[in-house]
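Chains, contacts and geometry: an overview
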Amino acid sequence: MNRKFLFAGGAGAALIAAAAAAYLYGGFVSAQPADAADGAQAQQGPPPAPVTVAKAEQKSLAPRAETPGAVVSLRDSRVAAATSGKVEWVAEVGAEVKEGDVIARLEQADAKFTRDDTAAQVRRLRARADYLESFYQRFVGLEEAGESEASMDEMRSNRDEAIQALRQAEVALQRAEINLERTEVKAPFTGRIVSQETQMGEYANPGTELIRLVDTIHLEVTARAPAGLTRNISPGETIRVANGADMLDGKVRAVVPVGDDRSRMLEIRLELPETDWYIGSAVRVNLPSDRPRTVTAVPRDALVLRADQISVFVIGEDQTAKRVNVELGAAEGGFIEVIGDILPGDNVVIRGGERLRDGQSVSLSAIPAEPSA
């Protein structure tokens, strides 16, 4: 009985040992392929990084320097009275008016009286001139009847004097009518009322300022710069102007070749396209500091900025990224000059470069349209 029990116990222990050995062996076998896969992945490296590229280009760029400027109106007038009279009405500040609209009105009573009085004088002098002309013509036909030459000369002189008096009165009538029209002061151009220089009830003489009218559509930029900068600018040239984050291209209308007495700076006038910029806005004018030169330029998005270095990733024919350290030069629009081992036609990364490593393989996405200069 004891012998059977010992035999059964020994057989059970053997079975347990065999099962444990089989489990350990199976785990060892199954672990081998996973370790081999990890080794293969380590040899292949990280998967290709998706990037977007653009071409480095050969461009004609000029070094730039910024100078402050201001937005001004092409037409800013203080409209004055052209005749005398009490001010009856003035347009409100902020009103938008069109060319020819009435913006102020003077009392018309005196102007109407002067016009009517002068018109009566014209009618009286015309009647006298017509009478003397008829009287003279009657005696011209009777000259052979014995009328003296002196009498004919006197009649002719009286007729001519009446005609000249009539013409003088007609000129006075025209002046009176113009003065009556001038009691309604009209806008010389389309714009906005900025201020009232006089108020209702005040008396205005010719030359008295009534209203300040500003054209808010046709704008310019005025800026001052040293002669060294203005020497590289010509009328008609396009200059970039920045108003905060907004950018516009202004056309050089004039470079005033007269230096300020104190600063010795010259004034530059730039025409602006139609915009919602306010008159008086402070702007930055990007002026060329030297003549344009041919350079290798890349889109600004290609720059990878680090604390101590600026670099660009260039994609080679083997679809790997190469970090190229560069120095920056002239810039214009969306492109900037790079000085380094980059040639026109090289593919440079403009999206995804922040996560790239030197020598990493990449997969290219669609190349976007070229940025506008």
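No experiment lies behind these values; they were computed from the predicted model shown. (Residues numbered from 1 in each chain as written. Predicted model: local features only at pLDDT ≥ 70, side-chain atom pairs only at ≥ 80, totals over all residues. Heavy atoms only, no water.)

**Description of the overall build of the protein chain**
Looking only at helices and strands, one finds four helices and 24 strands in the protein chain. Among the 373 residues that make up the protein chain, the fraction classed as buried is 32%. Contacts spanning at least 24 positions in sequence make up 76% of the contacts within the protein chain whose residues lie at least 6 apart. (Helix = DSSP H or I, 4+ residues; strand = E, 2+ residues; numbered from the N terminus. Buried < 20%, exposed > 50% of the residue type's maximum accessible area, 1.4 Å probe, protein only. Contact = heavy atoms within 4.5 Å.)

**Some remarks on the sheet that holds strand β11 (residues 209-214)**
Taking strand neighbours across the sheet as the criterion, the four strands line up as β4-β11-β9-β6 in an open arrangement whose pairing is antiparallel. Of all the strands in the sheet, the pair left with one neighbour each is β4 (76-80) and β6 (96-97). Strand direction decides the pairing type here: β4 and β11, joined by five bridges, are antiparallel. Paired with Arg78 across the bridge in β11 is Arg212. (Pairing = 2+ DSSP bridges.)

**Points about the packing of aromatic side chains**
Two aromatic rings, taken as a pair, are described by how far apart their centres are and by the angle between their planes. Per the counting criterion, the structure on display carries one aromatic pair. Sitting above the plane of the Phe335 ring, Lys59 keeps its charged end 4.6 Å from the centroid. Between Arg159 and the ring centre of Tyr136, over which it is positioned, the NZ or CZ distance is 4.7 Å. (Phe/Tyr/Trp six-rings, centres within 6.5 Å; stacked < 30°, edge-to-face > 60°. Lys NZ or Arg CZ within 6 Å of the ring centre and 35° of its normal.)

**Things to note about the side chain of Glu337**
Locating Glu337 in the fold gives a position in strand β22 (residues 335-339). For Glu337, the contacting residues outside a window of four places in its chain are Leu61, Arg293, Val295, Thr296, Ala297, Glu327, Leu328, Gly329 and Ala330.

**A few points about the packing of helix α2 (residues 109-140) against helix α3 (residues 149-181)**
Two numbers describe how α2 lies on α3: the axes approach to 8 Å, and their chain directions differ by 160°. Overall, the two elements α2 and α3 adopt an arrangement that is roughly antiparallel. Helix-helix and strand crossings are classified by hand; for α2 and α3 the assignment is left-handed. (Axes fitted to C-alpha atoms, helices over the stretch in contact; angles between N-to-C directions. Parallel < 35°, antiparallel > 145°, perpendicular 65-115°, else oblique. Left-handed = near helix turned anticlockwise from the far one by under 90°.)

**Digging into unusual backbone geometry**
One non-glycine residue, Gln319, lies in the positive phi region at around 60°. Counting through the fold element by element, Gln319 comes out in the loop between β19 (310-315) and β20 (321-325).

**Section: the environment of Leu61**
Relative to the helices and strands, Leu61 resides in strand β2 (residues 57-61). Owing to a relative accessible area of 3%, Leu61 belongs among the buried residues under this scheme. C-alpha separation for the pair Leu61 and Ala331, spaced 270 residues apart in sequence, amounts to 6.7 Å. Those residues within four positions of Leu61 in sequence are excluded, and the remaining contacts are Arg291, Pro292, Arg293, Val295, Ala297, Ala330, Glu332 and Glu337.

**A closer look at α2**
Helix length check: α2, at 32 residues, gives a terminal C-alpha distance of 47 Å against a target of 46 Å (1.5 Å per residue), a fit within 8%. Taken residue by residue, α2 has Ala111, Thr118, Ala119, Val122, Leu125, Ala129, Leu132 and Tyr136 as its buried positions. Among the structural elements, α3 are those in contact with the buried residues of α2. (Expected span 1.5 Å × (residues − 1).)

**Quick notes on the nonpolar core**
Residues Val71, Val221, Leu270, Trp277, Val283, Val285 and Leu287 are the most contacted members of the largest nonpolar core, which totals 18 residues. Tallying contributions element by element places strand β12 (residues 219-225) first for this core, with four residues. With 17 residues, the next largest nonpolar core counts Ala81, Val87, Val97 and Ala104 among its residues. (Core = buried A, V, L, I, M, F, W, Y, C linked by side-chain atoms within 4.5 Å.)

**Details of the UniProt feature "coiled-coil region" (unreviewed entry) in the protein chain**
UniProt's feature table lists "coiled-coil region" (unreviewed entry) at residues 152-186, given in the numbering used throughout. Helix and strand shares over residues 152-186 are 86% and 9% respectively, and the end C-alpha atoms of the span are 52 Å apart. (UniProt positions renumbered as here; feature names shortened; annotations may be inferred.)

**Comments concerning the sheet that holds strand β21 (residues 327-332)**
Strand order in this open sheet of four strands is β2-β17-β22-β21, and the pairing throughout is antiparallel. The strands lining the two open edges of the sheet, one partner per strand, are β2 and β21. When strand polarity is set aside, the average angle formed by the axes of neighbouring strands in this sheet is 50°. Sheet topology places β2 next to strand β17 (residues 293-299); five bridges connect them, and they run antiparallel. The residue of β17 that forms the bridge with Ser60 is Thr294.

**Quick look at the pattern of salt bridges**
Within the structure shown, the criterion is met by 19 salt bridges. Two residues, Asp215 and Arg75, come together in a salt bridge whose shortest N-O distance is 2.9 Å. A residue pair is termed long-range when its members are at least 10 positions apart, and Asp215 in the loop between β11 and β12 and Arg75 in the loop between β3 (64-73) and β4 qualify at 140 residues. The salt bridge involving Asp341 is made with Lys322; its shortest N-O contact spans 3.4 Å. On the criterion of sequence distance, the pair formed by Asp341 in the loop between β22 and β23 (347-351) and Lys322 in strand β20 is long-range, its members being 19 residues apart. (Salt bridge = Lys/Arg side-chain N within 4 Å of Asp/Glu carboxyl O.)

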